[in-house]
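Overview (structure and organization)
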Amino acid sequence: MQMWNIAWRNVWRRRRRTLITGFSIGFGVLLAAIFTGMAIYMYGNMINASAATGFGHVTFEPIGYSKAPALDKRLSRVDTLREQIVHENGVDAAMERIMGQAMFATASKTVGGMFLAINPQHESAEYNLLIRSLVEGKVFSDKNAGGVVIGKRLAEKLNLRIGKKLVYTTTDVNGEIVSEIARVSGLFVTGVDEIDGGMALFPLRQIQHVLGYHADEATLIAVMLRQQRHAESSRDVFRQKYHDPSIEILSWQQTQPDLAGMITIDAASNYVMQFLIALLIAAGILNTMLMSVLERTREFGVMLAIGLSPKRLFWLVMAESYWMALIGLVIGIVITSPFYWYFDVYGLDFSSLLGDESYTVSNVLIDPVIRMKLHVIHVIAILSAVFGLALLSGIYPAWRAGRVPPVESLRTI
Amino acid sequence: MSQALANDPKREDIVRLVDVSKIYRQGKIEVRAVDNLSLEIDTGDFCALCGPSGSGKTTVLNMIGGLDIPTHGQVFLERRDLASLSRGEVAAIRRDRIGFVFQAYNLIPVMTAYENAEFVLKLQGVSAVECHTRVMTILKEVGLVGLEHRRPDEMSGGQQQRVAIARAIVTRPAIVLADEPTANVDSATADSLLDLMQKLNRQDGITFLFSTHDKRVMDRARRIVRMRDGRIESDEVQG
């Protein structure tokens, strides 16, 4: 107790220097929080946007569908399966979907693209990017309804307006070419060229009928989790529970490998940058602690002379590093909190810099408003890392204090 | 050693230096601070090491206190060869058996007078109640009652040196090593500090070994060892 007390008083002997060091540790917390928080928000946003476009955070699909998508590969009894999945822990929604390729045509033009067939009763704007991005008209009311919602750019290419007819051609379950007509009920603008210029949203029943699927068949069930970061662990749980040789259960990292790879590389470069910043901050703390030790060499000599052991002197200086680190963390929390609040509530809007252009990565739209998102585990990780770094920086000065022979220390003035 | 001391059958040494030399290197130059010196200090002695600056007084004190290691020879404290002990064991001896008083007081600046005096007791693991009793007794003895909550920068030189003496004797050490203890205080304070140390020596039997060139200290010492160029020039017992 006495050592902690002495260490605390020693830390405040040079108030200004302590505050400067505390702020540099606090600044480290702020930078780590900003870099980590922004990256987590951006990754989460991209993952959710990607999941909402088709596969979900976790996907139930026929064996081999991801590697070689084809409309003859399909799941059966999807209604029952979806009903079971939606009641699983951590699952927010589960949606049966049919995805495939099609040619979209009008009298004037033909465009190749993708279609997504959904059951509107199970879908919502939150988990379906196309519904969320509706700018004109409406989405069909249920899975038995007719109609199609298409991207605005596709509509422009095909010279279509709401209420006009669209001919779509695809291959059915037997590999036969089939065509059908649907009337455009709505238009969406996601900001992603590939989606806006080549994607159509159909009612599930209509596509099941065209493809020759049974009423309880679909190509996949997209599962949306409350926390996308639990995708892999949830996938593993589902694999244990829904053991069916005809079904493959994949996380978004497997269905969206491009996105997963991009995030991994970006996260790695982010960590490298944070590590370099951490080194700079650590050098600052080391310098302060070393100065503080060197200027008290004589005092340490006295302490050793009156009976303090070198080991206890080491721990005394380490206790000072501990207090210094703790002061830094408190300052860090105080200066980071308003930043986090602002970034969480308002974010930094880069729309004006982007103009009318949208920014996409791996065909996923990046939100021009940059926000921060930190989970408790990240806060603990950042605080622990900065605290650990500050303590590590104190080891050498503490070792040095304990190593100087007392007589050398006493000679120092 | 004086003949009178050597012939005393009751004498028991607390410190013994045998053929001790200490050589420092200053660049390429060798400085022989202590040169083949042998000395015994008896239990209960009140002894002054005298001599001009650079004669090796402080080096001898430092080697007896285990703060410095001789280049040659052996230093025994209570019959234990300090060279055979680990750093931790020497630190424990300093904590439990030796009290230090420095010329420049060397109190710990962030601690009050009470805490400075209490510091070593805490290191020894003495209970809080026992600490309080002993510290207050010592502070009363050195005339610092009422100043126990003052920090070093709030006290005069004499008061700080009293705290330093309190810190040195609160653990009831076997020996107090005092390096020029009166050098930075005025005459009146020096006299009162010497009165105090003499009283502790007579009353509690604590051995005192001073390094000094202060005549007041020499006048009070029972034994005076004069040094020059790292050697003992004379060793006399005063009447």
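First, a word on scope: everything that follows refers to the structure included in this document. All residue numbers here refer to positions counted from 1 along the written sequence of the relevant chain. Starting at A for chains and at 1 for ligands, labels are handed out in the order in which the entities are written. Local features in this predicted model are restricted to residues whose pLDDT is 70 or higher, and side-chain atom pairs enter the listing and the counts only when it is 80 or higher, whereas totals over whole chains, interfaces and linings include all residues. Only heavy atoms go into the side-chain values, all of them from the structure, while hydrogens and water stay out.

Lines are fitted to the C-alpha atoms to define the axes, a helix being fitted only along its stretch in contact, and any angle between axes, read from their N-to-C directions, falls within 0 to 180 degrees. Counting from the N terminus, the helices are the DSSP runs of H or I reaching at least four residues and the strands are the DSSP runs of E reaching at least two. Across the interface, helix α1 (residues 2-11) of chain A lies against helix α4 (residues 113-124) of chain B with an axial gap of 11 Å and an inter-helix angle of 140°. Classed by the angle they form, the pair α1(A) and α4(B) counts as oblique. Of the residues in α4(B), those in contact with Gln2(A), Met3(A), Ile6(A) and Arg9(A) of α1(A) are Glu115(B), Phe119(B), Lys122(B) and Leu123(B). Charged residues are taken to be Asp, Glu, Lys and Arg, nonpolar residues to be Ala, Val, Leu, Ile, Met, Phe, Trp, Tyr, Cys and Pro, and polar residues to be all remaining types, Gly included. In terms of residue class, the contact of α1(A) with α4(B) is made up of 4 nonpolar, 1 polar and 3 charged. Roughly parallel means an angle under 35 degrees; roughly antiparallel, over 145; roughly perpendicular, 65 to 115; everything else is oblique. Note on definitions: a residue-residue contact is assigned when non-hydrogen atoms from the two residues lie within 4.5 Å.

Three exposure classes are used, based on accessible area relative to the maximum for each residue type with a 1.4 Å probe and protein chains only: buried under 20%, partly exposed in between, and exposed over 50%. By the criterion of burial, α1(A) is predominantly enclosed, with 7 of the 10 residues buried. Buried residues of α1(A): Gln2(A), Met3(A), Ile6(A), Ala7(A), Arg9(A), Asn10(A) and Val11(A), and no others. On the buried face of α1(A), the contacting elements are α2 (15-53), α11 (297-305) and α12 (310-345) of chain A together with α4 of chain B.

Our focus in this paragraph is a nonpolar patch on the surface. Residue and element names in this part refer to chain A. Judged by side-chain polarity, Trp-341, Tyr-342, Val-345, Tyr-346, Leu-348, Phe-350 and Leu-353 come together as a nonpolar surface patch covering roughly 720 Å² of accessible area. No other element matches α12, which puts 3 residues into the nonpolar patch. Relative to the helices and strands, Tyr-342 resides in helix α12. Patch definition: residues above 30% relative accessible area lacking any salt bridge, with like charges linked at up to 9 Å and the nonpolar side chains Val, Leu, Ile, Met, Phe, Trp and Tyr linked at up to 5 Å. The Shrake-Rupley method, run with a 1.4 Å probe sphere, supplies the accessible areas, and residue values consider only the shown protein chains as cover. What makes a salt bridge here is a side-chain nitrogen of Lys or Arg within 4 Å of a carboxyl oxygen of Asp or Glu, nothing more.

All names here are of chain A. Just so you know, the count uses Lys and Arg for positive and Asp and Glu for negative, and it drops His and the chain ends. Charge positions are represented by NZ for Lys, CZ for Arg, CG for Asp and CD for Glu. Together, Arg-161, Lys-164, Lys-165 and Arg-183 make up a positively charged patch on the protein surface. Mapped onto the elements of the fold, Lys-165 is located in strand β6 (residues 165-171). By relative accessible area, Lys-165 is classed as partly exposed at 47%.

In sheet architecture, strand pairing relies on hydrogen bonds along the backbone and comes in two forms, parallel and antiparallel. All names here are of chain B. Pairing is mixed in the open sheet, where 6 strands are placed in the order β6-β7-β8-β3-β9-β10. Looking along the sheet, the strands with just one partner apiece sit at the ends: β6 (98-101) and β10 (231-237). Between one strand axis and the next, the sheet turns by 15° as a mean value, whatever way the strands run. Two strands make a pair as long as DSSP finds a minimum of two bridges between them. As paired elements, strand β9 (residues 223-228) and β10 share 6 bridges and run antiparallel to each other. The residue of β10 that forms the bridge with Arg-226 is Ser-234. Its contacts with the sheet put helix α2 (residues 57-64) on β3 (46-50), β6, β7 (175-179), β8 (207-212) and β9, and the angle it makes with β8 is roughly 150°. Helix α3 (residues 87-97) rests against β6 and β7 of the sheet, and its axis sits at about 80° to β6.

Right, let's get into the nonpolar core. Residues belong to one nonpolar core when they are buried, are Ala, Val, Leu, Ile, Met, Phe, Trp, Tyr or Cys, and are joined through side-chain atoms within 4.5 Å. Counting 53 residues, the largest nonpolar core has Phe60(A), Ile98(A), Phe104(A), Ile150(A) and Phe202(A) as the members making the most contacts within it. By residue number, the principal contributor to this core is strand β2 (residues 91-105) of chain A, which donates 5 residues. Residue ranges assigned to each domain were obtained from an automatic or database domain assignment. In this structure, this core is formed jointly by two domains, domain 1 (2-49 + 260-411) and domain 2 (56-254) of chain A, each of which donates at least three residues. In this view, Phe60(A) contacts Leu75(A), Leu81(A), Ile85(A), Thr219(A), Leu220(A), Ile221(A), Val223(A), Phe238(A), Tyr242(A), Ile247(A), Glu248(A) and Ile249(A); residues no more than four positions away in its chain are not counted. Listed in part, the 48 residues of the second largest apolar core include Val293(A), Val386(A), Ala398(A) and Val120(B).

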